[in-house]
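If you want the building blocks of each chain, they are given just below.
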Number of protein chains: 4
Amino acid sequence: MTVDRLSPSGRPPEVNAPSWRDGAASIAMLTFAVDMETPVLAAGRRYAENAMAMSHQAFDARRGLPRLLGILDEFDLKATFFVPGVSAERWPDAISDIAARGHDIAHHSYTHRPSTELTPQEERWEFERGFESLAALGITPTGYRAPMWAATWNTAEIAVEHGISYDTSLMDDDRPYIIETSRGPLVELPPHWSLDDWEQYAYLPAPHLGYVIEPPEKALALWTAELDGLREFGGLFQLTAHSFLSGRAGRAQNLRKMIEIILERGDVKFRTGTQLRDAVLADPSVERRKLEPVIVDPASYPNW
Amino acid sequence: MTVDRLSPSGRPPEVNAPSWRDGAASIAMLTFAVDMETPVLAAGRRYAENAMAMSHQAFDARRGLPRLLGILDEFDLKATFFVPGVSAERWPDAISDIAARGHDIAHHSYTHRPSTELTPQEERWEFERGFESLAALGITPTGYRAPMWAATWNTAEIAVEHGISYDTSLMDDDRPYIIETSRGPLVELPPHWSLDDWEQYAYLPAPHLGYVIEPPEKALALWTAELDGLREFGGLFQLTAHSFLSGRAGRAQNLRKMIEIILERGDVKFRTGTQLRDAVLADPSVERRKLEPVIVDPASYPNW
Amino acid sequence: MTVDRLSPSGRPPEVNAPSWRDGAASIAMLTFAVDMETPVLAAGRRYAENAMAMSHQAFDARRGLPRLLGILDEFDLKATFFVPGVSAERWPDAISDIAARGHDIAHHSYTHRPSTELTPQEERWEFERGFESLAALGITPTGYRAPMWAATWNTAEIAVEHGISYDTSLMDDDRPYIIETSRGPLVELPPHWSLDDWEQYAYLPAPHLGYVIEPPEKALALWTAELDGLREFGGLFQLTAHSFLSGRAGRAQNLRKMIEIILERGDVKFRTGTQLRDAVLADPSVERRKLEPVIVDPASYPNW
Amino acid sequence: MTVDRLSPSGRPPEVNAPSWRDGAASIAMLTFAVDMETPVLAAGRRYAENAMAMSHQAFDARRGLPRLLGILDEFDLKATFFVPGVSAERWPDAISDIAARGHDIAHHSYTHRPSTELTPQEERWEFERGFESLAALGITPTGYRAPMWAATWNTAEIAVEHGISYDTSLMDDDRPYIIETSRGPLVELPPHWSLDDWEQYAYLPAPHLGYVIEPPEKALALWTAELDGLREFGGLFQLTAHSFLSGRAGRAQNLRKMIEIILERGDVKFRTGTQLRDAVLADPSVERRKLEPVIVDPASYPNW
């Protein structure tokens, strides 16, 4: 039972396939975190004084983002872009360009500080300021991703309260599901670290962004293996690229190769976050869950 | 003298081969750590507040474990599952499903805190609570693995005292041996870090689980090289997979490939922990050792 | 749309190509950091007492640098060498040999301490002492690179004040641009971590220089992917090698292979820093920017 | 100018080749660090209480070392083994077995604590105790390697004072040279981190031995690239394997492959430390140096 059997010709028709997949073996959702300077500033305000570090992040707006938008245009593909409010304020033209090309723009906090290190009041403030920054560009996001995916148990409630209808922060599945909040449903589109470019490409000595710089071909091998796995198991292939990372020349070509591989598979369809949200909400077979915070006995885990 | 000579056709009949190998060049023992949330909670109770981190671990029960159980069923293979008590309490149905399919279930502590960081009383408490949690599901384990393999010099004694007859925590051999405790024999089935999926796949920024995310093909190259080495040297190929890690789609396919490679070799037999324990106890050629704690001269190593 | 289309035969003539590229798809600028002992001493004066660590760095002058100079001679190529003042004082003959062979020698601070950890007075002192050390060898550099690329917002101003006309420290582009300082233009030739040999090869346990030692073939794959990307997007391929690292035997051969690959592409031209500076200054299409320090709201990023 | 030209048939006769290479393109010196428990204990005496960590190291004596000795016997090759005194005291039979097979045994300190973290008196004590431990087995070493290669500026003097005639701790060359100490010559046979198995294979979470576990094939690619480089540049290929690491089954096979590759090259000769020392001392072309401690100006490097 090898991967070969997954070729379009050899795959048997699937019985009772969920409708969110629309007949495909897997759904590919290309997502881009347009972080600009925010993850470096979130590591410490002092890094603003490091002109190299700031320039390393500004590559995002100056070259990385436009280059990736161009590659999406080559394939006439729509993707989903997660934008921190500070990015939108610092680089409004770059963000407006994303919207003008018809892509999804989603909320990615205001400052990119992880919610798990904030008070509930601060997390709420991040939501509000993020909306304001995008509203100034005429953008009303309906999707959300927590910075570093570090959602709290309050995040889903706050998100729905603010009009968010899909989230991509939780990792307990590789198929979409619906979170039932006290204010209504929130579609969860689960991401995973293994489909992220950060762990393969990110490097700065200070702040310390990562440990290695891998060749694009290694990232491609990792992502393609997961793509083929998700095709077998009927999951969501949600790729997360950062425009300051995957916008580098060789990596941008690699992203193009990834798109080509997805297309060559022949049994995968591309969807944006809002498209997939609608398909999930319309699919009665999708699992519905309530979030259940983990309660820990201090006698078992005395170390805070 | 190359690996080629190890092909089934070319291998000369082995003289005086130990009976625990039952005529095979190597024994393959597939083991799964069903850690669920425990290794993250062991790093600090505060991580329970990180909904993403908890969801990252809950993938184990929701998708990873069932997927891996399905792959074992494809080959009609029985494996050995190491279950912390907290996992059994939080996800009883998932654990009962393992047992219902006829796999070995072994003790893996209660909380997954390393014994080397506990008092002797705490280590004993971990044993007792772990047994209770499994007993509630009707499971009486006879095998044990220390969390993070971090056994103390007391572990073997405590294990036998509680009815454990095989352990898989010590790394001073790649063949089984028998530890003579004051209360009777304990079969040691030695593991090793190089046959673990954690170092290849585990990644979370907080708590910091690991440094890299490698493609499945890299893990396969590593494990296959060790398999072929153990076939030459007549050792035990004990693979350790974590269902929250190897349960991801591409990695699950990779585990299937590993099983296929083992089968293709033609001279390797699969055994569970209890099967191998019985074969080892019945083999008079197996080495018997008493554990000898390492005594250190503080004059040579003044730093504690 | 694959990399194949980039082959010399298949590439269509480029319309309105900027003149700094002189008709090439990409410009290759080979740069060498001749750090000798300086990055280890910058990590702490105490490491001078570690004879092994010092010898590890002295390989630079004794074998690494001469070997790399020999390889450049094989191809009759001129490259750009960044020399800290302390290196020039400790190993004057090695540095003079670079100049005698006709390569560019550029300023790389005096001590290799990152400017971002110095006071403005100390950064200025580093400039002055670095010039003095090179002047003692009859060398007047016109290029500059900040140690660890860690430029401050003052660096460009100080550089131009001291007669520097090109810099290679900022990463917000992969094409040259011109920084308009208060004292005149500074050509920026942007580097990037992914085209650096340090992250692939550097290893010392104390001071901790890096995490992994990669095979040369991995570095080659990384750099070749970026080369081909920059050929497509019309960027600058600036490779940064350290003579104490890439001067090791297998890595030196790898650098030769990299040069051969660049030559085989057929559409890339080699330039030194000063050659490229002149071409950039003569190109009216090159972007001109003022540096704009990033101002951070402490209310958004309270952590210093 | 590619590696192909280095094939035995294509290589032109070398003019004025130094006699220490005895007509070969490169000399291969296989060295083994027989560290047993010492590097873990050197990280902290408390690790003696971790039975798993101690067993991880004891694999060295129980399986790793005998396995590697067997592979050397297959090829009738003599190698050089560096033995800490504590290893000799804890595992005398294992060490005597090395000597009985006719290999070189060299001094590797008493405790494996790095000399750079000891007082001069402690470094001297390490020398004396190490000699005593080996003398108890009838072994008088003439070679030395500092633990972690961390030699001080005193190490060469102390070594010669104690009758050591060759050292392998300094990295400022890839050809042998002679250190002129106040008491006579010391042959330096330079090692390097890139020809060490530790950075590729070592892993323990506590103490933290390393970051990654690489497949044997990656180590082979790294070492083979360096071998071919040293063949071109006429250097010393000194491979450092640790018997607790490279003694693992797949890695042991990999070491066999490395030996086969060296043999297949056809222009490399194997030498032990003492054999090479004698050849170096008899070669008038070998460079002779005095060690010159690095003196640092605290005004340039104020941080201790």
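Now for a quick tour of the structure. (Residues numbered from 1 in each chain as written. Chains lettered and ligands numbered in written order. Predicted model: local features only at pLDDT ≥ 70, side-chain atom pairs only at ≥ 80, totals over all residues. Heavy atoms only, no water.)

**Some words on the overall build of chain A**
- A count of helices and strands for chain A gives 11 helices and 10 strands.
- Whereas a compact globule of 304 residues would reach a radius of gyration of roughly 19 Å, chain A reaches 19 Å, a difference of no more than 12%.
- Overall, chain A is about 60 × 45 × 45 Å in size when its C-alpha atoms are taken along their principal axes.
- Pairs at least 24 residues apart make up 73% of the contacts formed inside chain A by residues separated by at least 6 positions. (Helix = DSSP H or I, 4+ residues; strand = E, 2+ residues; numbered from the N terminus. Rg over C-alpha atoms; globule rule 2.2 N^0.38 Å. Contact = heavy atoms within 4.5 Å.)

**Re the pairing of strand S2 (residues 80–83) of chain B**
Residue and element names in this part refer to chain B.
- On S2, burial covers both faces: Thr80 and Phe82 on one face and Phe81 and Val83 on the other are all buried.
- In this sheet, strand S3 (residues 104–107) lies alongside S2 in parallel orientation, the contact comprising 4 bridges. Each bridged residue has a counterpart across the sheet, and for valine 83 the counterpart in S3 is histidine 107. (Buried < 20%, exposed > 50% of the residue type's maximum accessible area, 1.4 Å probe, protein only. Pairing = 2+ DSSP bridges.)

**Digging into the relation of the copies chain A and chain C**
- Each copy of the sequence occupies a distinct position, and chain A is placed on chain C by a rotation of 90 degrees and an axial shift of 0.0 Å, giving an RMSD of 0.0 Å. What the superposition gives is, in effect, a four-fold axis relating one chain to the other. The C-alpha atom lying nearest the rotation axis in chain A is that of Tyr211(A); the distance is 4.9 Å.
- Little of the interface of chain A is mirrored in chain C, where only 4% of its interface residues are also at the interface. (Least-squares fit on C-alpha atoms with pLDDT ≥ 70 in both.)

**What about the packing of helix H8 (residues 216–233) of chain B against helix H9 (residues 249–265) of chain B?**
All names here are of chain B.
- Where H8 meets H9, the closest approach of the two axes is 10 Å, and the angle between their N-to-C directions is 25 degrees. Here H8 is positioned roughly parallel relative to H9, judged by the angle of their axes. When you trace H8 past H9, the crossing you get is right-handed. Every residue of H9 that contacts H8 at Pro216, Glu217, Ala219, Leu220, Trp223, Thr224, Leu227, Asp228 and Arg231 is listed here: Gly250, Arg251, Asn254, Lys257, Met258, Ile261, Ile262 and Arg265.
- When its residues are assigned to classes, the contact of H8 with H9 shows 8 nonpolar, 3 polar and 6 charged. (Axes fitted to C-alpha atoms, helices over the stretch in contact; angles between N-to-C directions. Parallel < 35°, antiparallel > 145°, perpendicular 65-115°, else oblique. Left-handed = near helix turned anticlockwise from the far one by under 90°. Nonpolar A, V, L, I, M, F, W, Y, C, P; charged D, E, K, R; others polar.)

**Focus on the relation of the copies chain B and chain A**
- By a simple turn and slide, chain B fits onto chain A: the slide is 0.0 Å along the axis, the RMSD is 0.0 Å, and the turn is 90 degrees.
- With a heterologous cut-off of 20% or less, the 4% of interface residues of chain B that recur at the interface of chain A puts this contact in the heterologous class.

**Description of helix H10 (residues 273–281) of chain D**
- Among the residues making up H10(D), those that are buried are Gly273(D), Thr274(D), Leu276(D), Arg277(D) and Val280(D). When H10(D) is viewed along its axis, its buried side chains cluster within an angular range of 160 degrees and face the same direction. (Arc of directions from axis to C-beta.)

**Some words on the interface of chain A and chain C**
- Taken residue by residue, the interface counts 47 residues in chain A and 48 residues in chain C.
- Taking both partners together, chain A and chain C bury about 4300 Å²; carbon and sulfur atoms supply 59% of that area.
- Our count for the chain A to chain C interface comes out at 6 salt bridges.
- Between Asp173(C) and Arg63(A) there is a salt bridge, with its nearest N and O atoms 2.4 Å apart.
- Linking chain A to chain C there are 27 residue pairs in polar contact (both at pLDDT 80 or more).
- Listed by contribution, the elements that provide at least two residues to the side of chain A that touches chain C are helix H1 (38–42), helix H2 (51–75), helix H3 (85–90), helix H8 (216–233) and helix H10 (249–265) of chain A.
- Per-element accounting of the side of chain A that touches chain C gives the leading share, 12 residues, to H2(A).
- Here the side of chain A that touches chain C is built from residues that sort into 22 nonpolar, 9 polar and 16 charged. (Buried area = accessible area lost by both parts, 1.4 Å probe. Salt bridge = Lys/Arg side-chain N within 4 Å of Asp/Glu carboxyl O. Polar contact = N/O pair within 3.5 Å; in protein donor to acceptor, adjacent residues only side chain to side chain.)

**Some points on the environment of Pro207(A)**
Residues and elements named next belong to chain A.
- Relative to the assigned elements, proline 207 resides in the loop between helix H7 (198–201) and H8.
- Here proline 207 falls in the buried class, since its relative accessible area comes to 6%.
- In this structure the C-alpha to C-alpha distance between proline 207 and arginine 113, which are 94 residues apart in sequence, comes to 14 Å.
- Apart from the residues within four sequence positions on either side, proline 207 is in contact with Val40, Ala43 and Tyr47.

**Describing unusual backbone geometry**
- In this structure, the amide linkage connecting Ala206(A) to the following residue, Pro207(A), adopts the cis form with an omega of 0 degrees.
- One non-glycine residue, Trp149(B), lies in positive phi territory at about 60 degrees.

**Describing the pattern of salt bridges**
- Tallied over the full model, the rule gives 108 salt bridges over all chains.
- With a shortest N-O distance of 2.6 Å, Asp73(C) and Arg101(C) are connected by a salt bridge. Of this pair, Asp73(C) sits in helix H2 (residues 51–75) while Arg101(C) sits in the loop between helix H4 (92–100) and strand S3 (104–107), and the two are 28 residues apart along the sequence.
- It is possible to trace a salt-bridge network through shared partners that takes in Glu214(A), Lys218(A), Glu214(B), Lys218(B), Glu214(C), Lys218(C), Glu214(D) and Lys218(D).

**Section: the pairing of strand S1 (residues 26–33) of chain D**
All names here are of chain D.
- Most of S1 is tucked away: 8 of the 8 residues are buried.
- Residues Ser26, Ala28, Leu30 and Phe32 point to one face of S1 and Ile27, Met29, Thr31 and Ala33 to the other, with burial holding for every one of them.
- Bridging between S1 and strand S9 (residues 268–270) involves 3 bridges; their strand directions are parallel. The residue of S9 that forms the bridge with alanine 28 is phenylalanine 270.
- One ladder, built from 3 bridges, connects S1 with strand S2 (residues 80–83); its direction is parallel. Note that in S2 the partner of phenylalanine 32 across the bridge is phenylalanine 81.

**Brief notes about the arrangement of the chains**
- Note that chain B does not reach chain C: the shortest distance linking a C-alpha of one to a C-alpha of the other is 10 Å.
- Separated in space, chain A and chain D share no contact, their closest pair of C-alpha atoms being 10 Å apart.

**A few points about H4(C)**
All names here are of chain C.
- Turning to H4, its buried residues number three or more, namely Ala94, Ile95 and Ile98. The buried residues of H4 occupy one face: seen down the axis, they fall within an arc of 95 degrees. More than 90 degrees from the buried face of H4, the exposed residues found are Asp93 and Ala100.
- Considering only its buried residues, H4 is in contact with H2, strand S2 (80–83), helix H3 (85–90), S3 and helix H5 (120–135).
- In the stretch just after H4, glycine 102 is the one whose phi turns positive, near 90 degrees.

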